[in-house]
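# Inside the fold
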Amino acid sequence: MKLTICWLYGSTMNIYGDRGNVLALAQRCRWRGIEAEVVTLGVGEPLEAGRYDLFFWGGGQDREQVAVAADISGPKGEVLRAEVEAGAPLLAVCGGYQLLGRFYRPHDGPELPGIGLFDAWTIAGHERFIGNIVVDSDEFGEVVGFENHSGRTYLGPGARPLGRVRVGRGNNGEDGTEGCRHRNAIGCYLHGALLPKNPAIADFLIAAALRRRYGDVTLSPLDDTVESAARASAVRRAVGTR
Amino acid sequence: MDPRLVLAVMAGKASAFLIRRLGRGGGTAAPGVVASTIDPAVLDKLARQVDGGCVVVAGTNGKTTTSRMLAGILTQSGRRVIHNRSGSNLVRGITAAFAEQSTVTGRPRGDVAVIESDEAAFPEVVRRTRPRLVLLLNLFRDQLDRYGELDTIAARWGETLRSLPPDATVVVNADDPALATLTEGLTAARRTFGLTDGRYQLDDLPHAADAAVCRRCGAPLRYERLFLSHLGDYACDACGYQRPALDVAARDVQLCGLEGLALTLHTADGPIAVSAGVPGLYNAYNALAAAAAALTLGVRPEAVTEGLARFRSAFGRIERVTYRGRKLVIVLVKNPVGFNEVLRMLEMGGAAPTLILINDLDADGRDVSWLWDVDAERLLDVPVPLYTGGIRGDDMALRLKYAGIPEERLVPLGDLPDALDSFVDDLPADGTGFILPTYTAMLRLRELLAARGVVQAFWEE
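Next up on the list: the overall build of chain A. Across its full length, chain A carries 7 helices and 12 strands. Its C-alpha radius of gyration of 17 Å places chain A within 12% of the 18 Å reference for a compact globule of 242 residues. By the burial criterion, 61% of the 242 residues in chain A qualify as buried. Within chain A, contacts between residues at least 6 apart in sequence are counted, and of these 68% link residues at least 24 apart. Taken as a whole, chain A presents about 8700 Å² of accessible surface, with 51% of it coming from carbon and sulfur. A gap of 2 Å separates the mean positions of the 27 positive and 29 negative side-chain charges of chain A.

Moving on, we get to the environment of Cys 214 of chain B. All names here are of chain B. Residue placement: Cys 214 occurs in the loop between β6 (189-195) and β7 (222-228). Along the primary structure Cys 214 and Thr 181 are separated by 33 residues, whereas in three dimensions their C-alpha atoms are 8.8 Å apart. Every residue in contact with Cys 214, bar those within four places of it in the chain, is listed here: Ala 219, Leu 221, Cys 236, Cys 239 and Tyr 241.

The next subject is the packing of aromatic side chains. Residue and element names in this part refer to chain A. By the definition in use, this model includes 13 aromatic pairs over all chains. Seen from their ring centres, Tyr 52 and Phe 55 are 6.1 Å apart, and the 65° between their planes marks the pair as edge-to-face. As far as burial versus exposure is concerned, Tyr 52 and Phe 55 are alike and both buried. Note on Tyr 97 and Phe 118: the rings are 6.0 Å apart at their centroids and 75° apart in plane angle, and the pair reads as edge-to-face. A residue pair is termed long-range when its members are at least 10 positions apart, and Tyr 97 in helix α4 (residues 95-99) and Phe 118 in the loop between β6 (112-113) and β7 (120-137) qualify at 21 residues. Look at Tyr 97 and you get buried, because its relative accessible area is 1%.

Here the focus is the sheet that holds strand β13 (residues 326-331) of chain B. Residue and element names in this part refer to chain B. Pairing in this open sheet of 6 strands is mixed, and the strands run β12-β13-β17-β14-β15-β16 from one edge to the other. Each edge of the open sheet is held by one strand with a lone partner, namely β12 (318-323) and β16 (410-412). This sheet shows a mean twist of 20° between the axes of neighbouring strands, independent of strand direction. With 4 bridges connecting them, strand β14 (residues 354-357) and strand β17 (residues 432-437) associate as parallel partners.

In any sheet, the strands associate via hydrogen bonds between backbone groups, in a parallel or an antiparallel arrangement. Residue and element names in this part refer to chain B. Within the open sheet, the 9 strands sit side by side as β2-β3-β1-β4-β5-β6-β9-β10-β11. Their pairing is mixed. If you trace the sheet from one side to the other, it starts and ends with β2 (81-83) and β11 (270-276), each paired once. Taken over all neighbouring pairs, the strand axes of this sheet differ in orientation by 20° on average, direction set aside. As defined by bridge partners, β6 adjoins strand β9 (residues 248-256) across 3 bridges and the pair is classed as parallel.

What counts, and where the lines are drawn
Residues numbered from 1 in each chain as written. Chains lettered and ligands numbered in written order. Predicted model: local features only at pLDDT ≥ 70, side-chain atom pairs only at ≥ 80, totals over all residues. Heavy atoms only, no water. Helix = DSSP H or I, 4+ residues; strand = E, 2+ residues; numbered from the N terminus. Rg over C-alpha atoms; globule rule 2.2 N^0.38 Å. Buried < 20%, exposed > 50% of the residue type's maximum accessible area, 1.4 Å probe, protein only. Contact = heavy atoms within 4.5 Å. Areas by Shrake-Rupley, 256 points an atom, 1.4 Å probe, with all protein chains shown as cover. Lys, Arg positive; Asp, Glu negative; His and termini not counted. Charge placed at Lys NZ, Arg CZ, Asp CG, Glu CD. Phe/Tyr/Trp six-rings, centres within 6.5 Å; stacked < 30°, edge-to-face > 60°. Pairing = 2+ DSSP bridges. Axes fitted to C-alpha atoms, helices over the stretch in contact; angles between N-to-C directions.

Structure (structure tokens):
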């Protein structure tokens, strides 16, 4: 078995250690004997429908986000939305998450259109939310990471959050929600990197990708002792520092 | 005489003395707060009286080492140097260093000042000290939670640099495309330095690298040669921008494992051979930067060579101690680029069991995501056990696991002091071990080793 992972804008949108998410997906495949290929797709490179099993999109600086927003508003965004609607798993963190909503409104300059995959929108805030964050999710249990964003994301009636914030600020610091879920897509503000410390989410994405390409597949369990220790110490720090 | 200034300086000195007497640490920053409370312009007033002017050194990596190298060269040339030597590089730490190194009547005891500045504090430090020379080293990713994104810092620096008067000089690392662009068309004069050596090249832009795009037109940069992170000889095929001509170029770089380095500086006045007892290509850049600044200040080539030859490593950057019969080599790691260079040095310098200590306090950066930008995969081919410890040692263990390092080579330990004891227990009786701590883990380690009579407290150096 083989999975092809598409890292959207991986050469420019890769701050805050988001490479760890791609590494986690690839390694957790390999440790189970599943071949994993990572393809980085940049601005101007077309997204071929049906070629990729799993999508990851990280965060970037404002300058990079503008070029990427223009790129994704074209046919690429259409293909990505169609893939997710057909069940393709996707994880988007921070900047990528924001551009999957309906729009991003900066302090100055024109509004950046998103692709509207999530019924959500983001407005630039003044205070930056920075710190460890713990989220309780019905699907994935305790999820831990580090948030660092000034954008406030608001969920519309058609959107479901990833979870409720236990420690930290989350989507907007007001309604206690963090992230967004739709089909097999997850958007959120958690760096850390997210997937190595939250292997339940990594395995959810891998399982969804395998099911889509190979039918009913059961993931063999892995020894997550190191992962659990790192998650526990991150949660301890979150509770102790905020 | 300015009574307010005199009082501020005296209060600063007194508080530094008291803090040390009480054993509360080096007293490297608090006296600056005390002095500025009495006279908010204390730093401005003291800096203005330094006849030979102030030099401000800024960059993500190498500030402390480069500042110390430059201060050493200037001392060698017969100048008396005021310097925030401890690496306390925010405005309060710089103020404390000036107060400490001034007479009680408010006169600085030096002909020239070498000021290491924090990236975020740079605009204020420049505004207050009105430097004659600004030395810019590099801009790498570092502590995004504290400094914000690289573009934000670059924008602030640009504003500050454009405000410099025509009699100031900016000495800049032209191998850094972001800094080269930032120093175009200034009112101040510009002098450039960089590497022209082909011996130590990277094949690819490492993951932690930033600024691989042309800052003028946004097209990707093409590198003729790449030396370290995004530092190299570059050109933009789209708009024709390229690395500026070098006023001081380093050639024939020789890295001698963990022991030291040598290189030749090429200037309009002929070649200068220099060597220094610090390892790694990043220290070659530091030596080059310090030499370029010293030459710009009119220091004779002999003093540059002599000053660098006498250089000793800055506090904690790399040091060797003997503890319970074992040789411990301690090297600070604080961001992906620096960490990668340390790993590169380990690959070249002979392998030994390694303990990595990761903390997440304010001075380390509270976000440990940066560990995922470190090319830990380099350790795959270094066949030694890897120990992890510190407040976030578990995150480091996880990083190593996902780098593909077999779990039998990983030894997760807890926080200090236990991590140190267990690590040293595991080393052979006269063996060698590397310890790679983040900043506050290094302070804690020094404290421990000092308490056990191994190293002196750093402010006594």
